[in-house]
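# Notes for the structure review
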Amino acid sequence: MNTVAADIAVRVVTTSGRWRVAHAVAVKELLDIYRDARFRWLAALTLLLMVCALIFSVDQVQRTDRDRAAAAQGDRQIWTAQGAKDPHVAAHFGQYAFKPQSPLALADPGIDAYVGSAVWLEAHKQNEVQFRAARDNPLSARLSSLSLAFVLQAVMPLVAIMLGFAAFSGERERGTLRQLLSLGIRPMDLLAGKGLAVVGVLVAMLLPAFIGILISCFMFADSSMFSLGDQVARLVWLALGYVLYLGGFAALALAVSALSRTSRMALVGLLGFWLINCFLVPRLMTDVVRNTLPLPTALEFRQAIAQDKKKTFGHDESHPAFVAFRDRVLKQYGVTRVEDLPVNFRGLSLREDDENGNRIFDRHFGTLQEAYYRQDLWRAAPGFVFPLLAIQPYSMGLAGSDTRGQYHFTSAAEQHRRAIQAIVSDDLIRNGRYGDSTYVAGPDLWARISAFSYRPPQAWWALSAQAVNLFVLLAWCLAAGLLAVYAVRRLRPV
Amino acid sequence: MTNMNVLVAAMRCEWRILRLDPALWLVLAMILGMVAYALYNGETLVARQAAAVAAANTEEQERLAKLRKGLADIQAGRVAPPDAPFRDPRNALFVGGGSAAANVALPAQPLAITAIGQSDLYPATLRVSAGSKDTFFFADEIANPAHLLSGSFDLAFVLVFIYPLWILALTYNLVSGEREQGTLALTASCPVQVRTVMAGKLLVRAGIPMLVTVAAVFAGLALIVGGTLVSAVQPLAVLSWAMIVYGAFWAVLAAAVNGLGRDSAYNALLLVAAWIGVLLIVPSLVNAWSEARYPSPSRAEMVLAVRAASVDADRERNAALARYQDEHPQETELQRGSYRERTLRRLAVQLAATAHSEEIMAAHEAQIQRQHALAERLAYASPALLMHDALAEIAGTGRSRYRAFFAQVDRFHQEWREFFISRAQAEQMLTAGDYSHFPQFSFADNPGTGILSRVASALIGIGVPFLLLAAMAARGLRRCRVVG
C-alpha cells in the first residue's frame, strides 16, 4: 500500500493534474477489486445468474410467441370457416385477440404473468383480458422469480455495496487514508477515482447482460411486428435507467463508507438499506396504495356498466330509448313504418346501440385505468429515496411489460372489436330486409373483416409515460452523489 | 459443574449482557411493529374479500328474486311470455346458463389473515353456470397487476423473509464477537466446555427473538381474530411449530458459520449470502426450472377447440334443421330465429363446447399438476420455500385447499348442469317448484385433504438441514480457535 501511495505521490508531483490522481486511484482500486477473491466469486455468480435468467427467458418468450402465432392463425381459420349465418350472430361469435409478448420481456417480464393474454371480441360487450398465467404457477412463484430484471434490481445493488462499503473506512482502518491525505491529495479526487472504479466495474457487468438481450432480440424477436430499431432504442434507455439506479447505489456506498467509523458499520447500514429498498418498501407501498386508493371490485365494476347499459336498449324493442330512436329515424327518412325505410332498421338499431355502448365502455374502462395510473404514481413517489420503486415501473415500461403496455393492447383490441361490429351492422343495414330472420351473410363477408393485427407502441411512447420515473431515478442518483460529496468533504483520516 | 448447570449459567450471563445491547431492543421493536402491521394488513385484505363475497351473494339473491317474480307474472298471465329465450325465466337452458348462475366461494379460515397465499389471484367468488367450465372458471378479480407482482406485506412475508434476519442480527457474531473482544480465551480457560457456553448463548440470542415473535403473533391473532381462534387450536399449534423449526434452522446456520472460526464481518457476509441464496436464488431457480420442464399450458388451445366445436355444432344444427324442414314443410315452430330453434341450437352448441373444453382443461390440469409436483419436490432445496408453502397451507390459502375447493366446484358444476340440461333436453319449462330446488353449494373442509401431512413433511424438510447444520456447528465449535 505504501508503494501505491508513493506512486500516486510521484504522479501528482510530475503531472499535477487532478484527473491523473483520480485515474491513478481508479486503476489502483480496479487492481484491488480484481485481486479480491470474494469479489471474483460474487461477480462470477452474478454473471451466471444473468446467463440462467436469459436462457430461461428466451425459452419462455419463444414458447409464448409460438403459442400466440398458432392461436392467432387458428382463430382466423375458425372465423373465416364459420359458414353462412346472420351477420349479427357472427358478431356474437366474435374473434379473439391474443396479446403478443414484447421481445424485451427477455429483460423484464414485468406484469406479464399477472395479466391476461387473450380477449374475446364479441358483440355489445368489451370483455376483460383472460388467462393470467400466474394462476397456473405454483405458490413458490410468488416468492421470487428469475429474470434479468431481478438480477439487475436486487442482486446488482449488492455488488455495488460490496465494491464500495470499505472504500474509505477500509483505508482508514488500515491507516492508508492518513497517508493519502498527507500527500496533498484532495478527498474529492479520491472520491472521483474510487467512484470511477466502482461505476466502471458495474457498467462492465451490465454490458454482457445488455449485449445478451440485444443478441437474443435480434435472433428471436418477431421483426414483422416489433421494429428492431425501436427495441434498440428502448434498450438504450433501459440501460440508462439501470446505470442511474446502480450509480446511485455506488455513490451511496461510498458516502456511507466515508461517514462510518468502521467498515462493519458501513456494511451493516448498507445491507439494511438494500433490504428495505428491495423487499420491505415495495410491499409496504403496495399495501398503503391499495388501501388508500382502492379499486372497485369486479362485481361493482360490472354492475356500474350494467347500470349505464340499462339506459341503452340492446335487443329490447320495448325500451323507451329504442322507441325514441325509431321515431327519430322514421322522421329522418320521412316515412311512418320501419318496413318502408330504404335501409334495414335492425342494422341501424344495432349500430346505434353499439355507439351508445362504446361511450359507456370508454368511460368505465378509462376510469379504471386512471385508477391504476394513480396507484402506480403514488407507489413510485418515494422512489428518490428507495429507487426500486422507480426502477421497477421504468424497467417494465421500457420493456413493454407494464400496465400501460397492457392497456395499449386492450385498447387496440377494443378498436378492432368495434370495427367488426361496424362492418357487420353495415352489412345488415345495406343487405338485410326488416323482419326477415332468414338473411345470412357468407364467407366473403368474414374474409373482408381483417384479423386483429397489433402495432405495439414506439419507444418514445413508453419513455414519455416513464419520464417521471426517469427523473426520480436521476434525482436519486444525484442525491446519492451529493451525499458522497458531502461525506468526503468531512472525511476524517483517523 | 454439570453441563446442564453450565448451560443455565451461560444463559443467565448472556441475558444480562444482551439486555444492555440496544440491538436487542431494536429487534424486539421491529418484531412487534412488523407483526402488528402484517396482521392488520392481512385482516384488511380478508375483510375486503369477505365484503366481496357478501356483495356477490346479495346480487345473486336479487337476481333470483327478479327471476321468480318474472316467472310468477308469466304464470299468472300478468305479462306475456317473452319471445326471446334468454329473457324467459322459464327457460332452463338460459336460466341455468347465466341468469340464475350460482356464486361459490371458498370460506376463509380463522388463520386466513396470516397468509394471503394464492387468494389474491382468484376471485372471491366464482359464478357457476350450466355452460362449459371455461366460461366461468377463468374469471378474475380486479387488481392492479403490479401489486400482484410485488405481493403483500402479510405475516407469511414477515416470517419467511424478515424473521430470519432478526435471528441472524443477534447471532452472527456468537463466537467471533467473543474472540474479537478477547473474552473467548477467558471462557476457554474455565473448567467448562466452550461448546456448552456457546449453546447457552445461542439459546438466549436466538430464543428471545423467536419466542417474542411467536408471542407477538399469538397476541395479535387473539386481538384481531378473537373467539374464533378457539376452533383453530390445531393450526395454531402447527403454526408455532413451523416458526420454531424455521427459526431454529437459521439459528444453527449462524452457529455453524461461527464454527468456521472467521471474523464477524466474514460471518455477516456469509450469512447474508446464505439468506439471499435460500430466499431468492434457489426459489427463483426452482420456479424457472419447473416452468421450463413442464410449461404452463396455452389456454388459447382450449379457446380454439371450444370455438371450433361450436362452429361444428352450429353447422350440424343447420343440416338437421334443413332436413327437418324438408320433412315438415308446414312446421313453423322450428324456423330459424324462433324461440324453440334458438334454444335447441344453443343447447347443441353448449354440449359440444362442454365436451371439448372439459377434455382439454383436464389435460391442462394434468400438466399444471406435473409442474407443481416438480416444484414441490425441488422446494426441499430451500427451507424458505417449504416455510412459505406451509404457512399458506396453515392459513387455508394454499394449494391443497384450493385444489379441494376446485374439485368440489367441479362436482357442483356437474350437479348444476345435470339439473338444467336435463330439463332443457326434455324441453321442460322451469316451475316455481324448480326454483326452490336449485342445487346449492357449500364447501366442506375435509380433514383428509392432506394439509397436515404436507405441513409435517415441509417441517421435516426444514428439520433435516437443521440437523446437518447442528452437527456441523457442534464440530466447528469444538475445534474453535480461541484467539484471532
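Residues numbered from 1 in each chain as written. Chains lettered and ligands numbered in written order. Predicted model: local features only at pLDDT ≥ 70, side-chain atom pairs only at ≥ 80, totals over all residues. Heavy atoms only, no water.

The next subject is the overall build of chain A. Along chain A, the regular secondary structure elements total 18 helices and 3 strands. Compactness check: chain A gives a C-alpha radius of gyration of 30 Å against a globular reference of 23 Å for 494 residues, more than 25% above the reference. Summarising its shape, the C-alpha atoms of chain A cover approximately 105 × 45 × 45 Å along the three principal directions. For chain A, restricting intrachain contacts to residue pairs at least 6 apart in sequence, the fraction spanning at least 24 positions comes to 82%. For chain A, the accessible surface area stands at approximately 21200 Å², while carbon and sulfur atoms represent 62% of it. Between the averaged position of the 51 positive side-chain charges in chain A and that of its 40 negative side-chain charges there is a distance of 11 Å. (Helix = DSSP H or I, 4+ residues; strand = E, 2+ residues; numbered from the N terminus. Rg over C-alpha atoms; globule rule 2.2 N^0.38 Å. Contact = heavy atoms within 4.5 Å. Areas by Shrake-Rupley, 256 points an atom, 1.4 Å probe, with all protein chains shown as cover. Lys, Arg positive; Asp, Glu negative; His and termini not counted. Charge placed at Lys NZ, Arg CZ, Asp CG, Glu CD.)

This brings us to a nonpolar patch on the surface. Residues and elements named next belong to chain A. Taken together, the side chains of Val199, Val203, Leu207, Ile211, Ile215, Met219 and Val243 present a nonpolar region at the surface, about 570 Å² in accessible area. Of the residues forming the nonpolar patch, the biggest block, 6 residues, is contributed by helix α8 (residues 187–220). Within the secondary structure layout, isoleucine 215 lies in helix α8. (Patch = residues over 30% accessible without salt bridge, like charges linked within 9 Å, V, L, I, M, F, W, Y side chains within 5 Å. Salt bridge = Lys/Arg side-chain N within 4 Å of Asp/Glu carboxyl O.)

Counting residues in hydrophobic clusters, the biggest one holds 166 residues, and the most contacted among them are Trp274 of chain A together with Phe161, Leu221 and Trp275 of chain B. Among the elements that line this core, the one with the most residues is helix α10 (residues 233–258) of chain B, at 17 residues. With near-sequence residues (within four places) excluded, tryptophan 275 of chain B lies in contact with Trp274, Leu275 and Phe279 of chain A together with Phe161, Pro164, Leu165, Trp250 and Leu280 of chain B. Among the nonpolar cores identified, the runner-up in size contains 65 residues, and Ala90 of chain A together with Leu71, Leu347 and Tyr402 of chain B belong to it. (Core = buried A, V, L, I, M, F, W, Y, C linked by side-chain atoms within 4.5 Å. Buried < 20%, exposed > 50% of the residue type's maximum accessible area, 1.4 Å probe, protein only.)

Below, the discussion takes up the sheet that holds strand β1 (residues 95–98) of chain A. Residue and element names in this part refer to chain A. An order of β1-β2-β3 is seen for the 3 strands of this open sheet, with the pairing classed as antiparallel. Here the strands that pair on one side only, and so sit at the sheet edges, are β1 and β3 (125–126). Bridge analysis of strand β2 (residues 118–122) against β3 gives 2 bridges, and the strand direction is antiparallel. What sits directly across from glutamate 122, in β3, is lysine 125. Relative to the sheet, helix α15 (residues 403–431) contacts β1, β2 and β3, its axis offset from that of β2 by approximately 25°. (Pairing = 2+ DSSP bridges. Axes fitted to C-alpha atoms, helices over the stretch in contact; angles between N-to-C directions.)

A few words now on the packing of aromatic side chains. Residue and element names in this part refer to chain A. A full pass over the atoms with the stated rule returns 48 aromatic pairs over all chains. For the pair phenylalanine 273 and phenylalanine 386, a centre-to-centre distance of 5.9 Å together with 20° between the ring planes defines the contact as stacked. With phenylalanine 273 in helix α10 (residues 263–292) and phenylalanine 386 in the loop between α13 (345–380) and α14 (388–399), this pair connects stretches of sequence that are 113 residues apart. Overall, the relative accessible area of 21% leaves phenylalanine 386 in the partly exposed class. (Phe/Tyr/Trp six-rings, centres within 6.5 Å; stacked < 30°, edge-to-face > 60°.)

Take the environment of alanine 250 of chain A next. All names here are of chain A. With respect to the secondary-structure elements, alanine 250 resides in helix α9 (residues 228–259). For alanine 250, a relative accessible area of 2% translates into the label buried. Between the alpha carbons of alanine 250 and leucine 235 there is a distance of 22 Å; along the sequence they are 15 residues apart. Once residues within four sequence positions are removed from consideration, alanine 250 is found in contact with Ala160, Val198, Val199 and Leu202.

Right, let's get into the interface of chain A and chain B. Of the residues lining the interface, 80 residues belong to chain A; the matching set on chain B comes to 88 residues. Counting each side, the surface lost to burial between chain A and chain B is near 7500 Å², with a carbon and sulfur contribution of 63%. By the criterion of area lost to chain B, the three top residues of chain A are Arg135, Leu139 and Leu143 of chain A, representing 12% of everything that side buries. One salt bridge connects arginine 142 of chain A with aspartate 120 of chain B, and the closest N-O pair in it is separated by 2.7 Å. Seen at the junction of chain A and chain B, the total is 35 residue pairs in polar contact (both at pLDDT 80 or more). Within the residue set of the side of chain A that touches chain B, elements represented by two or more residues are α3 (37–80), β1, α5 (148–164), α10, α11 (298–309) and α13 of chain A. The residue inventory of the side of chain A that touches chain B, partitioned by class, reads 44 nonpolar, 19 polar and 17 charged. (Buried area = accessible area lost by both parts, 1.4 Å probe. Polar contact = N/O pair within 3.5 Å; in protein donor to acceptor, adjacent residues only side chain to side chain. Nonpolar A, V, L, I, M, F, W, Y, C, P; charged D, E, K, R; others polar.)

All names here are of chain B. Of note, histidine 413 is situated in helix α15 (residues 399–425). Overall, the relative accessible area of 1% leaves histidine 413 in the buried class. Apart from residues no more than four positions distant in its own chain, histidine 413 is found in contact with Val128, Ser129, Ala130, Gly131, Ser132, Lys133, Phe136 and Glu358.

With that settled, the discussion passes to the packing of α9 of chain A against α10 of chain A. How two helices sit against one another is set out by the angle between their axes and by the gap between those axes. All names here are of chain A. Close contact between α9 and α10 brings their axes to 9 Å; oriented N to C, the two are set at 150°. By the angle between their directions, the pair α9 and α10 is classed as roughly antiparallel. The two elements α9 and α10 meet at a crossing, and its hand is right-handed. Taking contact as the criterion, the partners of Tyr245, Phe249, Leu252, Ala253, Val256 and Ser257 in α9 are, on α10, Ala266, Leu270, Phe273, Asn277 and Cys278. (Parallel < 35°, antiparallel > 145°, perpendicular 65-115°, else oblique. Left-handed = near helix turned anticlockwise from the far one by under 90°.)

A word on the environment of leucine 221 of chain B. Here leucine 221 of chain B shows up in helix α9 (residues 194–224). Measuring from C-alpha to C-alpha, the distance between leucine 221 of chain B and alanine 185 of chain B comes to 46 Å, with 36 residues separating the pair along the chain.

Residue and element names in this part refer to chain A. Within β2, 4 of the 5 residues are buried, which leaves the element mostly enclosed by the surrounding structure. By the bridge criterion, 4 bridges tie β1 to β2 in an arrangement that is antiparallel. Residue pairing across strands places glutamine 95 opposite leucine 121, the latter belonging to β2. Adjacent in sequence and paired antiparallel, β2 and β3 are bridged by 2 residues, among which histidine 124 carries a positive phi angle near 70°.

Residue and element names in this part refer to chain A. Taking 1.5 Å of rise per residue, the 12 residues of α14 would be expected to cover 16 Å, and the 16 Å separating its terminal C-alpha atoms lies within 8% of that figure. Burial runs high along α14: 12 of the 12 residues are buried. Positive backbone phi, approximately 75°, marks glycine 400, located one or two places after α14. (Expected span 1.5 Å × (residues − 1).)

A few words on the environment of glutamate 128 of chain A. Residues and elements named next belong to chain A. Relative to the helices and strands, glutamate 128 is located in the loop between β3 and α5. Since its relative accessible area comes to 33%, glutamate 128 is described here as partly exposed. When the C-alpha positions of glutamate 128 and lysine 28 are compared, they lie 58 Å apart, and in sequence the two are 100 residues distant.

This part is about the pattern of salt bridges. Across all of its chains, the model carries 45 salt bridges over all chains by this definition. As a salt-bridge pair, aspartate 59 of chain A and arginine 63 of chain A come within 3.0 Å of each other at their nearest N and O atoms. Of this pair, aspartate 59 of chain A and arginine 63 of chain A both sit in helix α3, 4 residues apart, which is roughly one turn of that helix. For aspartate 59 of chain A, a relative accessible area of 30% gives the class partly exposed. Overall, the relative accessible area of 12% leaves arginine 63 of chain A in the buried class. Note that lysine 69 of chain B is salt-bridged to aspartate 73 of chain B, the shortest N-O span being 3.1 Å.

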